[in-house]
Amino acid sequence: MADTQAVDDPKQAAKDERGAARLAREIGTFVKQHGGAEGQLAYLGERGTRIALVGEDGAWGNLVARSDAIARKAVEKAGITVREDFDGEMAAKVKTGRYEWTRMAGIQVGGPSNK
């Protein structure tokens, strides 16, 4: 079902509500583990919407919601700040480790692949 269509099916609406509640719990767990967090939503097309999370301690992660409406409801329920863009200020909070740097080097310039 496209995001632009109204949800007329009560079963689908209930399923969407459960999905948003599950994502909100996962976001809440991330927030507790990392001293707070903020997010950014990125529409992925038919696949859904990505919820990128950055914790106050620099940890980061992603969740994918089945639709943009579900993603928006989930972050609203979780009560986190949502940015319009994953801008430089938000990116500067992300802490990466050796794994990420060697993976990026392996992918980008033929560096080690962590095998």
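Residues numbered from 1 in each chain as written. Predicted model: local features only at pLDDT ≥ 70, side-chain atom pairs only at ≥ 80, totals over all residues. Heavy atoms only, no water.

### Things to note about the pairing of strand 3 (residues 60-65)
Residues Gly61, Leu63 and Ala65 line the buried face of strand 3, whereas the alternating positions Trp60, Asn62 and Val64 sit on a face that is not buried. Note: strand 2 (residues 49-55) against strand 3, six bridges, orientation antiparallel. By the bridge assignment for strand 3, arginine 50 is matched with valine 64. (Buried < 20%, exposed > 50% of the residue type's maximum accessible area, 1.4 Å probe, protein only. Helix = DSSP H or I, 4+ residues; strand = E, 2+ residues; numbered from the N terminus. Pairing = 2+ DSSP bridges.)

### Some remarks on the pairing of strand 1 (residues 37-43)
By the criterion of burial, strand 1 is predominantly enclosed, with six of the seven residues buried. Judged from the seven bridges that link them, strand 1 and strand 2 form a sheet pairing that is antiparallel. Bridging from a neighbouring strand, leucine 41 pairs with isoleucine 51 of strand 2. Counted between consecutive antiparallel strands, the loop separating strand 1 from strand 2 contains five residues, among which glycine 45 sits at a positive phi close to 85 degrees. Judged from the three bridges that link them, strand 1 and strand 4 (residues 81-83) form a sheet pairing that is parallel. Each bridged residue has a counterpart across the sheet, and for glycine 39 the counterpart in strand 4 is valine 82.

### Focus: the confidence of the model for the protein chain
Looking at the protein chain, pLDDT values average 86 and 83% of them are 70 or higher. The least confident element of the protein chain is helix 4 (residues 98-109), whose mean pLDDT is 66; the most confident is helix 2 (residues 68-78), at 97. (pLDDT = per-residue confidence, 0-100.)

### With respect to the environment of alanine 65
Structurally, alanine 65 can be placed in strand 3. Note on alanine 65: relative accessible area 1%, which makes it buried. Between the alpha carbons of alanine 65 and alanine 20 there is a distance of 7.9 Å; along the sequence they are 45 residues apart. Aside from chain neighbours lying at most four places away, what touches alanine 65 is Leu23, Arg47, Gly48, Thr49, Ile70 and Ala71. (Contact = heavy atoms within 4.5 Å.)

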